[in-house]
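What follows is each chain in one-letter form.
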Amino acid sequence: TAMSGQVGAQLARYASGVATLNEANRVVAGMKTELKQLQPVLAANKRETEALMRQAEEEKQRAEEQQAAAAAEAATVEVQAGEIRKITAEAQEDLDGAMPAFNSAVAALNALSKSDLNEIKSYTKPPALVRTVMECVCVFLELKTDWETAKRLLGDSKLMDALITYDKDHIPPKVAEAAAKYADDADFQPEAVEKVSVAAKSLCLWCLAMVKYDACAKF
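What counts and how
- Residues numbered from 1 in each chain as written.
- Predicted model: local features only at pLDDT ≥ 70, side-chain atom pairs only at ≥ 80, totals over all residues.
- Heavy atoms only, no water.
- Salt bridge = Lys/Arg side-chain N within 4 Å of Asp/Glu carboxyl O.
- Helix = DSSP H or I, 4+ residues; strand = E, 2+ residues; numbered from the N terminus.
- Buried < 20%, exposed > 50% of the residue type's maximum accessible area, 1.4 Å probe, protein only.
- Core = buried A, V, L, I, M, F, W, Y, C linked by side-chain atoms within 4.5 Å.
- Contact = heavy atoms within 4.5 Å.
- Axes fitted to C-alpha atoms, helices over the stretch in contact; angles between N-to-C directions.
- Parallel < 35°, antiparallel > 145°, perpendicular 65-115°, else oblique.
- Nonpolar A, V, L, I, M, F, W, Y, C, P; charged D, E, K, R; others polar.
- Patch = residues over 30% accessible without salt bridge, like charges linked within 9 Å, V, L, I, M, F, W, Y side chains within 5 Å.
- Areas by Shrake-Rupley, 256 points an atom, 1.4 Å probe, with all protein chains shown as cover.
- Lys, Arg positive; Asp, Glu negative; His and termini not counted.
- Charge placed at Lys NZ, Arg CZ, Asp CG, Glu CD.
- Phe/Tyr/Trp six-rings, centres within 6.5 Å; stacked < 30°, edge-to-face > 60°.
- Lys NZ or Arg CZ within 6 Å of the ring centre and 35° of its normal.
- Arc of directions from axis to C-beta.
- Polar contact = N/O pair within 3.5 Å; in protein donor to acceptor, adjacent residues only side chain to side chain.

Peer 1: Go over the pattern of salt bridges, please, and point to the residues and values.
Peer 2: As a working rule, side chains carrying opposite charge can pair if their charged atoms are close by. What the rule picks out here adds up to three salt bridges. We note a salt bridge from Glu135 to Arg131, for which the minimum N-O separation is 3.6 Å. With Glu135 and Arg131 both in helix α3 (residues 128-140) and four residues apart, the pair spans about one turn of that helix. The class for Arg131 is partly exposed, based on a relative accessible area of 34%. Note that Glu194 is salt-bridged to Lys201, the shortest N-O span being 3.4 Å.

Peer 1: Lay out the nonpolar core in plain terms, naming residues and giving numbers.
Peer 2: Residues Ile120, Met134, Phe140, Met160, Leu163, Leu203 and Trp206 are the most contacted members of the largest nonpolar core, which totals 41 residues. Within the residue set of this core, elements represented by two or more residues are α1 (2-111), α2 (114-121), α3, α4 (147-154), α5 (159-164), α6 (173-183) and α8 (198-217). Those residues in contact with Trp206, other than ones at most four positions away along the chain, are Ala105, Leu109, Phe140, Leu163 and Tyr166.

Peer 1: Could you give an account of the packing of α2 against α8, with specific residues and numbers?
Peer 2: Running from N to C, α2 and α8 cross one another at 95°; their axes reach a closest spacing of 8 Å. Classed by the angle they form, the pair α2 and α8 counts as roughly perpendicular. Taking contact as the criterion, the partners of Asp116, Glu119 and Ile120 in α2 are, on α8, Val198, Ala199, Ala200 and Leu203. Among the residues making up the contact of α2 with α8, the classes are represented as five nonpolar, no polar and two charged.

Peer 1: Lay out a negative patch on the surface with the relevant residues and their values.
Peer 2: Side chains of Glu57, Glu58, Glu59, Glu64 and Glu65 sit close together on the surface and give a patch of like negative charge. Take Glu59: it is sitting in helix α1. Of the residues examined, Glu59 reaches a relative accessible area of 40% and is grouped as partly exposed.

Peer 1: Please provide a residue-by-residue account of the packing of α3 against α6, values included.
Peer 2: When two helices pack together, their arrangement is given by the angle between their axes and by how far apart the axes lie. In the contact formed by α3 and α6, the axes pass within 9 Å of each other and the chain directions differ by 170°. Of the possible angle classes, the one that applies to α3 and α6 is roughly antiparallel. Contact with α3, carried on its side by Thr132, Glu135, Cys136, Val139 and Phe140, involves Val175, Ala178, Ala179 and Tyr182 of α6 and no other residues of that element. Grouping the constituent residues of the contact of α3 with α6 by class yields seven nonpolar, one polar and one charged.

Peer 1: Break down the packing of aromatic side chains for me, citing the residues and quoting the values.
Peer 2: The full count for this structure, using the stated rule, is three aromatic pairs. Judged by centre distance (5.8 Å) and plane angle (85°), the rings of Phe140 and Tyr166 are edge-to-face. With Phe140 in helix α3 and Tyr166 in the loop between α5 and α6, the pair connects residues that are 26 residues apart, well separated along the chain. With relative accessibility at 14%, the residue Tyr166 sits in the buried group. In this arrangement the basic side chain of Lys168 is found over the ring face of Phe102, its NZ or CZ atom lying 4.5 Å from the centre. In this structure, Lys168 is placed above the aromatic ring of Tyr213, and the distance from its NZ or CZ to the ring centre is 5.2 Å.

Peer 1: Talk me through α4; I want residue IDs and the actual numbers.
Peer 2: Regarding α4, the residues found buried are Trp147, Thr149, Ala150, Leu153 and Leu154. For α4, the arc enclosing every buried residue in end-on projection is 155°, short of the 170-degree limit, so these residues lie on one face. The elements touched by buried residues of α4 are α2, α3 and α5. Its side-chain oxygen 3.2 Å from the backbone nitrogen of Glu148, Asp146 forms the N-cap of α4.

Okay, structure coming up:
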């Protein structure tokens, strides 16, 4: 009977072990089923994660490209700003250089008397340089460039005031362009004009000063 008791105990242990094993197999089987059911979810999460990582990488790359482009643009702007500062400084220097010529021309105009103007006006057939100077003056005042108009202008008591107070900062482009053609003539020089008329020399100085000032003020 002792033997039968031992066998019974062993059988009981075996039965308990088998039950435990069966339970473990059941749990494992359940877990496998759950895992199988979770596979699509896990796969979707993986795809979503990979997509987010790709998007993050693309956004990082775009940000780096934009940063590089901004840095390049900033460098270009700085170079352009430097060039503008240089051009502005040079233009101001040229403009400052034009002022002495303008002041000299104004002084020469102030020195002219009515008899000086009458001297020019008295010409029936003026010397070529005198005629050219008066044509240029007429261009600035937007008048006809013939000698009759020039003679009437020379008789105008307000002529000197009109030239001295001329709005040199707002010379119409067409006027400036036409006047510059006279100034570009190699013979349109105060020294050459002075040989035929001292009074016309002063007017020549004024025309040249206006052309030079306008050219400098444009920049």
